[in-house]
Amino acid sequence: MQDTNTKVELLSLLPDELAELLVSLGEPKYRAGQIFPQLHRGLSPDDMTNVGKVTRAKLAEVAYYHLPQVERKLVSAIDGTVKLLFSLSDGNCVESVIMKYEHGNTICISSQVGCRMGCRFCASTIGGRVRDLTAGELLGQVIAAQKELGERIDNIVMMGIGEPLDNFDAVVKFLRLVNEPSGICIGYRHISLSTCGLVDKIDALAQLNFPITLSISLHAPDDETRSAIMPINNRWGVDELLAACRRYYAVTTRRISFEYTLISGKNDSVEQAEKLARLLNSRLRSRSDTMPIHVNLIPVNEVTETGFVRSGERAVRAFAATLEKRGIRATVRRKLGPDINAACGQLRRAAAKESENKE
Ligand code: SAH
């Protein structure tokens, strides 16, 4: 077991920080340039043949290297989607999903062990939040997945377990780390971050002006409907959230996409689609400004505990058509890995339940 409380996590360090650590150990600064790329390829200092024994011993005294370990791997026979259950250094588990598209491999990573946002349709939040992931653990999912697949990851979506903006500092550090030219080197334009709507943190992210894509989990066209399924809406209502989106766009000029999970009888009527189109057009667009808006429609993944039922195909099509008619681009999200239950949170819960039953 690593001494994660007192030691520095090597995978959380930027090149300058690694150099500083090495210098403090009496090593030359240039060693950071040798070590950093190897750490990010999945090698621990002990595996580095070009780093001397003495340096390795000094590092091991103050720092640790731990990659998420693959506990389970499910591969979809239908579309090749891979779902990995990872264990972290303290035994907690999170999930990552790798989706294979024509434009490359996209990984969906987790940002927390569990989640405290309480969205009623979501499996990840059922047991609450256990802890935040470190920047190194966020990055570790990408490194470990590349190692496991033997293929490069091209795109990242932060849509796994947890609320990324509720783990703001680690997520920002991760964005910088994964973008490092001598590391994984994934461009910001290949990264999306999804949030249930923490307005203060959306503003803070805008100030950093990373050209990533922001996705907003909206799921409802008004406060009444949204508050009934997403407790965060009681803190920041729909109008405040959309005002933050406007501010974000004003600073970054990056397109924002909206996630809309279709739940039968709750938020999927044509009237609600009309209301959504009116809302987005009136709050985000003016005559002189046609902010690009994209809505991803996702028929809800049924989670046993929530009792929500996915919308039928006709309702989904009618909803999408209504948005398009009002000038809002809408895509229905294809369900990937249907045979491996690729939606997030469910594998971790199943594993937790199994170990409860064993005890
Ligand atoms: N906390 C962040 C990111 C994680 S959830 C967020 O809320 O955006 C990623 C996406 O999956 C969100 O849009 C979320 O609302 C959606 N989601 C959660 N549970 C779902 C389910 N059972 N079916 C369909 N989408 C779901």
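Report follows, based on the coordinates. (Residues numbered from 1 in each chain as written. Predicted model: local features only at pLDDT ≥ 70, side-chain atom pairs only at ≥ 80, totals over all residues. Heavy atoms only, no water.)

**Regarding the overall build of the protein**
Argument step 1. Helix and strand content of the protein: 11 helices and 14 strands.
Argument step 2. Taken against the 2.2 N^0.38 rule, which gives 21 Å for 359 residues, the C-alpha radius of gyration of the protein at 21 Å falls within 12% of a compact globule.
Argument step 3. On the principal axes, the C-alpha backbone points of the protein span a range of 70 × 55 × 40 Å.
Argument step 4. Per-residue burial for the protein yields a buried fraction of 55% across its 359 residues.
Argument step 5. When contacts within the protein are restricted to residue pairs at least 6 apart in sequence, long-range pairs at least 24 apart make up 68% of them.
Argument step 6. Accessible surface for the protein amounts to roughly 15900 Å². Of this, 48% is attributable to carbon and sulfur atoms.
Argument step 7. With 46 positive and 43 negative side-chain charges, the protein shows a spacing of 4 Å between the two charge centroids. (Helix = DSSP H or I, 4+ residues; strand = E, 2+ residues; numbered from the N terminus. Rg over C-alpha atoms; globule rule 2.2 N^0.38 Å. Buried < 20%, exposed > 50% of the residue type's maximum accessible area, 1.4 Å probe, protein only. Contact = heavy atoms within 4.5 Å. Areas by Shrake-Rupley, 256 points an atom, 1.4 Å probe, with all protein chains shown as cover. Lys, Arg positive; Asp, Glu negative; His and termini not counted. Charge placed at Lys NZ, Arg CZ, Asp CG, Glu CD.)

**Considering helix 1 (residues 15-24)**
Argument step 1. For helix 1, the complete set of buried residues consists of Leu18, Ala19, Leu21 and Leu22. The arc enclosing the buried residues of helix 1, seen along the axis, measures out at 160°, which places them on a common side. The exposed set on the far side of helix 1, more than 90 degrees from its buried face, consists of Asp16, Glu20 and Ser24.
Argument step 2. In the segment just after helix 1, glycine 26 is the residue with positive phi, at about 85°. (Arc of directions from axis to C-beta.)

**Thoughts on the environment of tyrosine 65**
Argument step 1. By the element assignment, tyrosine 65 lies in the loop between strand 2 (63-64) and strand 3 (69-75).
Argument step 2. In the structure, tyrosine 65 is positioned 236 residues away from asparagine 301 in sequence and 36 Å away in space, judged by C-alpha atoms.
Argument step 3. One polar contact links the side chain of tyrosine 65 to the main-chain carbonyl oxygen of leucine 39, over a distance of 2.6 Å.
Argument step 4. A polar side-chain atom of tyrosine 65 sits 3.5 Å from the main-chain amide nitrogen of leucine 43. (Polar contact = N/O pair within 3.5 Å; in protein donor to acceptor, adjacent residues only side chain to side chain.)

**Some remarks on the pairing of strand 13 (residues 293-299)**
Argument step 1. Counting buried positions along strand 13 yields 7 of 7 residues, so the element is predominantly enclosed.
Argument step 2. What you see with strand 13 is no split at all: Ile293, Val295, Leu297 and Pro299 on one side and His294, Asn296 and Ile298 on the other are buried throughout.
Argument step 3. In this structure, strand 12 (residues 256-262) lies alongside strand 13, joined through 7 bridges in parallel fashion. Looking across to strand 13, one finds that threonine 261 is bridged to isoleucine 298.
Argument step 4. Alignment of strand 13 against strand 14 (residues 329-332), held across 4 bridges, turns out to be parallel. For histidine 294, the partnering residue across the bridge sits in strand 14 and is arginine 329.
Argument step 5. Remark: the strand 13/helix 10 (residues 313-325)/strand 14 crossover connection has right-handed handedness. (Pairing = 2+ DSSP bridges. Right-handed = clockwise from strand over helix to strand, strands pointing away.)

**A short note on the site of the ligand**
Argument step 1. As a matter of local geometry, the ligand sits amid 17 residues, with Phe121, Ser194, Ser217, His219 and Asn301 nearest to it.
Argument step 2. At a separation of 2.9 Å, a nitrogen atom of the ligand approaches a polar backbone atom of phenylalanine 121.
Argument step 3. The contact in question runs from an oxygen atom of the ligand to an N or O atom on the side chain of serine 217, over 2.6 Å.
Argument step 4. Protein chains shield 89% of the accessible area of the ligand, which is 530 Å² for the free molecule.
Argument step 5. Considered class by class, the residues forming the shell around the ligand number 7 nonpolar, 8 polar and 2 charged. (Near = heavy atom within 4 Å. Nonpolar A, V, L, I, M, F, W, Y, C, P; charged D, E, K, R; others polar.)

**As for unusual backbone geometry**
Argument step 1. Residue cysteine 185 is not a glycine yet carries a positive backbone phi of 60°.
Argument step 2. Secondary-structure assignment places cysteine 185 in the loop between helix 5 (168-178) and strand 10 (191-195).
Argument step 3. A positive phi angle, close to 65°, is found at histidine 219, a residue other than glycine.
Argument step 4. Among the secondary structure elements, histidine 219 is positioned in the loop between strand 11 (213-217) and helix 7 (223-229).

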